[in-house]
Amino acid sequence: MQVHWRQSLMSYTFLAPALILLAVFTFYPLLYGAYLGFTEYSGARFANHLPPQWVGLKNFETVLGDPLFRTALANSVKYLLVVPALQLASLAVAVLVAKNIPGIALFRAAYYVPVITSVSLAAVMWEWVFNREGTLNWLLRALHLTTPEAAFGWLNSEQWAFWAVMLVTFWRGFGYYMVLYLAGLQAIPEELEEAAILDGASAWQRFWRVTVPLMRPTILLCTLLSTIAALRVLEEVLVLTNGGPLNSTYTALMYVYAKAFQGFDFDYGVASAAGLVVALVALLLSALNFRFFHREEQA
Amino acid sequence: MSARTAAAPARVARPVSWRRPVNTALRYALLGVILIFAVFPFVWTLAIALTDKTAGSSIYAFPQSLLPSRVTLHNFVDVYRTFSLGKYLWNSVVITGLTVLGTLLVSALAAYPLARFRFPGRGVIFGLIVLTLVLPGETTFIVNTLTLKNLGLLGTHAGVVLPTIAGAFGIFLMRQAFLAIPAALLEAARLDGASELTILTRIMLPLTRPSLAALGIFTTVTTWNAYFWPMLVLSGAPDKAPLAVAVLKLKGQFNYDPFNIAAGSIIMMLPVLLVFLAAQRLFLRGMEGAVK
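All figures in this text were calculated on a predicted structure; none of them were measured in a lab.

Chemist: Mind showing me how you'd approach the overall build of chain B here?
Modeler: Secondary structure summary: chain B contains 16 helices and 0 strands in total. Relative to its length of 292 residues, chain B is extended, with a C-alpha radius of gyration of 26 Å against a globular reference of 19 Å. Taken along the three principal axes of its C-alpha coordinates, chain B extends 75 × 70 × 40 Å. By residue count, 39% of the 292 residues in chain B fall in the buried class.

Chemist: Looking at this structure, I do not really get the overall build of chain A. What am I missing?
Modeler: Along the backbone of chain A there are 15 helices and 2 strands. In summary, chain A has a C-alpha radius of gyration of 24 Å against a globular reference of 19 Å for 299 residues, an excess of more than 25%. Residue burial in chain A is summarised as follows: out of 299 residues, 42% are buried. Considering only intrachain contacts with a sequence separation of at least 6, the fraction spanning at least 24 residues in chain A is 70%.

Chemist: I keep staring at the interface of chain B and chain A and nothing clicks. Help me out?
Modeler: By a widely used convention, the size of an interface equals the accessible area lost when the partners come together. Counting residues at the interface gives 60 residues for chain B and 64 residues for chain A. Per-element tally for the side of chain B that touches chain A: the top contributor is helix α2 (residues 19-50) of chain B, with 10 residues. Residue composition of the side of chain B that touches chain A, by class: 45 nonpolar, 10 polar and 5 charged.

Chemist: I would appreciate a short explanation of the nonpolar core in the present structure.
Modeler: Looking at soluble globular proteins, one finds that nonpolar side chains tend to be buried together. Ranked by internal contacts, the top residues of the largest apolar core, which has 154 residues, are M178, Y181, M254, V256, A274 and V278 of chain A together with V247 of chain B. When residues of this core are assigned to their parent elements, the largest contribution, 17 residues, is made by helix α9 (residues 161-185) of chain A. Inspection of this core shows a minimum of three residues originating in each of domain 1 (2-72) and domain 2 (79-291) of chain B. Beyond its immediate stretch of four places on either side in the chain, V247 of chain B contacts S120, L121 and V124 of chain A together with G264, S265 and M268 of chain B.

Chemist: Would you take a moment to explain the domain arrangement of chain B for this structure?
Modeler: Residues and elements named next belong to chain B. Here the domain parsing of chain B yields domain 1 (2-72) and domain 2 (79-291). At the interface, 7 residues of domain 1 touch 6 residues of domain 2. Tallied by class, the residues present in the side of domain 1 that touches domain 2 amount to 4 nonpolar, 2 polar and 1 charged.

Chemist: Explanation requested: helix α4 (residues 67-78) of chain A in the structure shown.
Modeler: For an α-helix the count is 3.6 residues per turn, leaving residues at separations of three or four pointing the same way. Residues and elements named next belong to chain A. Taking 1.5 Å of rise per residue, 12 residues should cover 16 Å, and α4 covers 16 Å from first to last C-alpha, within 8% of that figure. Those residues of α4 not exposed but buried are F69, A72, L73, N75 and S76. Taken end-on, α4 shows its buried residues confined to a sector of 160°, consistent with a single buried face.

Chemist: Got a minute to help me understand the packing of α9 of chain A against helix α12 (residues 216-231) of chain A in this structure?
Modeler: The axes of two packed helices give the description: the angle between them and the distance between them. Residues and elements named next belong to chain A. Taken N-terminus to C-terminus, the directions of α9 and α12 make an angle of 160°; their axes are 10 Å apart at the nearest point. Relative to α12, the element α9 is oriented roughly antiparallel. As α9 packs across α12, the resulting crossing turns out to be right-handed. Side by side, α9 and α12 meet where G173, Y177, L180, Y181 and G184 of the first sit next to T218, C222 and S226 of the second. For the contact of α9 with α12, a count of residues per class yields 4 nonpolar, 4 polar and no charged.

Chemist: How should I be thinking about unusual backbone geometry in this particular structure?
Modeler: The peptide bond linking G244 of chain A to P245 of chain A adopts the cis configuration, its omega dihedral lying at -15°. Within the secondary structure, P245 of chain A sits in the loop between α13 (235-240) and α14 (252-261). Phi at L246 of chain A is positive, roughly 55°, even though this residue is not glycine. Relative to the helices and strands, L246 of chain A is located in the loop between α13 and α14. Of the residues examined, L246 of chain A has 10 C-beta atoms within 10 Å and is grouped as exposed. We note that S84 of chain B has phi near 45°; this positive angle belongs to a residue other than glycine. Within the fold, S84 of chain B resides in the loop between α3 (74-82) and α4 (85-116).

Chemist: What is the right way to read the packing of helix α8 (residues 168-179) of chain B against helix α11 (residues 209-225) of chain B from this model?
Modeler: Residue and element names in this part refer to chain B. At a minimum axis separation of 9 Å, α8 and α11 run at an interaxial angle of 165°. Taken together, the axis directions place α8 and α11 in an arrangement best described as roughly antiparallel. Helix-helix and strand crossings are classified by hand; for α8 and α11 the assignment is right-handed. Residue-level inspection shows G170, L173, M174 and A177 of α8 in contact with α11, the latter providing S211, A214 and L215. Among the residues making up the contact of α8 with α11, the classes are represented as 5 nonpolar, 2 polar and no charged.

Chemist: Sorry, what's going on with the environment of Y268 of chain A here?
Modeler: Tracing the chain through its elements places Y268 of chain A in helix α15 (residues 268-298). Expressed as a C-alpha distance, the spacing of Y268 of chain A and F46 of chain A, which sit 222 residues apart in the sequence, is 9.3 Å. Every residue in contact with Y268 of chain A, bar those within four places of it in the chain, is listed here: L36, Y41, S42 and A260 of chain A together with I142 of chain B.

Chemist: Hey, could you run me through the environment of L173 of chain B in this one?
Modeler: All names here are of chain B. Locating L173 in the fold gives a position in helix α8. Look at L173 and you get buried, because 22 C-beta atoms sit within 10 Å. Along the backbone, L173 and L135 are 38 residues apart, and their C-alpha atoms lie at a distance of 19 Å.

Chemist: Sorry if this is basic, but what is going on with the environment of T99 of chain B here?
Modeler: Residues and elements named next belong to chain B. One can find T99 in helix α4. Judged by local crowding, T99 falls into the buried class, with 23 C-beta atoms found within 10 Å. When the C-alpha positions of T99 and I165 are compared, they lie 6.1 Å apart, and in sequence the two are 66 residues distant.

Reading the values: the criteria
- Residues numbered from 1 in each chain as written.
- Chains lettered and ligands numbered in written order.
- Predicted model: local features only at pLDDT ≥ 70, side-chain atom pairs only at ≥ 80, totals over all residues.
- Helix = DSSP H or I, 4+ residues; strand = E, 2+ residues; numbered from the N terminus.
- Rg over C-alpha atoms; globule rule 2.2 N^0.38 Å.
- Buried ≥ 20, exposed ≤ 12 C-beta atoms within 10 Å, placed from the backbone.
- Contact = placed C-beta atoms within 7 Å.
- Nonpolar A, V, L, I, M, F, W, Y, C, P; charged D, E, K, R; others polar.
- Core = buried A, V, L, I, M, F, W, Y, C linked by C-beta atoms within 7 Å.
- Domains from an automatic or database assignment.
- Expected span 1.5 Å × (residues − 1).
- Arc of directions from axis to C-beta.
- Axes fitted to C-alpha atoms, helices over the stretch in contact; angles between N-to-C directions.
- Parallel < 35°, antiparallel > 145°, perpendicular 65-115°, else oblique.
- Left-handed = near helix turned anticlockwise from the far one by under 90°.

Put into structure tokens, the structure is as follows:
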């Protein structure tokens, strides 16, 4: 009995640092942040050591009635378009690099380098690509798709900045998902692939009829990860466009960040309420994801 | 080719024989296009960083700007001096070093009892740690900033580090590693009168060195590259900012110098790239590689 008691004490001593840190910096902010969404709490109140004041659903009315938030949320939802593109491309690239041909290790490694690149470095480098004088316009000119007079800076264009930012997300993501898919592909028995070849299936048919169905669990996981990440997109926007031009790249988390830390007075209450709305949408999307893939499985 | 097909008339695959080299060529062409997409920004940045700017060339003069005619290392020296890059480099080193040490320590300590002991509340704690993986974190950064302010840690390196070191990834990675160690080894040590702390430091940690290294490497890369959180915590203390935050300030400087920015970017990228090249297999196998 005494041994058990000592073992418990020992266990909790070892666990203490992790538990304290998780409590203070993970669980407390979650609960307190949810509470703040229902209160009035400004930078001024915080500075004067005044407690948050309960206001019920007022912040949610403010947030949902704010045209800027609606634009922001719409942009974040529109950003989900990166998910199918990213997942299909990553899976296709994984299939492409799965076969061990000479030099393939080099390609795999090179495709992963954008993943280990800081978002701020990505911003520095891609701004040059998207510049009015940059590589993208040069390439388009070389292909006779545009003229020097018609050139514009992609990140300054209200119409194109959104897609330019999305391309950077795509660039930083495809190597990451490629690795996850590669692990999944290596678990598929080779006989299946060989049987399909013997049956005369083309590479296209094999991809859609053999690879994709067998990879469903991995696809679900990756889609889920990338959906949540897309909805929460913030860093790329902050470093590339700061929400502009004309709010065309202003996203929902950008709104949360701006309300809490920018402007005349910080409004933690409204920011938290907006964060809760985003969290709710993320939850809904995750549930949809599960249903979608689950239904397909039964079909 | 015709000679070879004639020599083997009975081969079933004969009609395909011309297709194979074409297929292989197509495969490499496709691999090459993706390669350009993936690494072009780095190649160009490196070219700009090495360009002798006194020659008066533009970074946008394609394709010459990709192959600088006069190569120099002067930009690296210049950005180091004019931008006091050393200061930010040091900040990055301190923040990354503390984060890695903290993560390894906290994760290993927490993982050991979770892997090896039975005690009341174990299931609950386990569940709570799993929960952190799925809980929405949209408002976490707001409250954590206020907490740091109350603790007097806002604008300090400790403020950047502390909230990030306890996480499910590290704890589960280490727990998995501890579970793989045979119980007989621990029993033997206990019979010899070793304390739990001795067992942890003398047996468990040395035997799980690969997992510790994996966790350390992942943490190094993530922390070195992190932008948003250090930016937020150190927004009132720009002198303490790491490179990932400071490099964007280079961009906004009044004497905008793309050659220096490129050199600074290369300096920032280099350590991460070296770590990656040294531990490639770890990254390219994903989590699986880290656990095994």
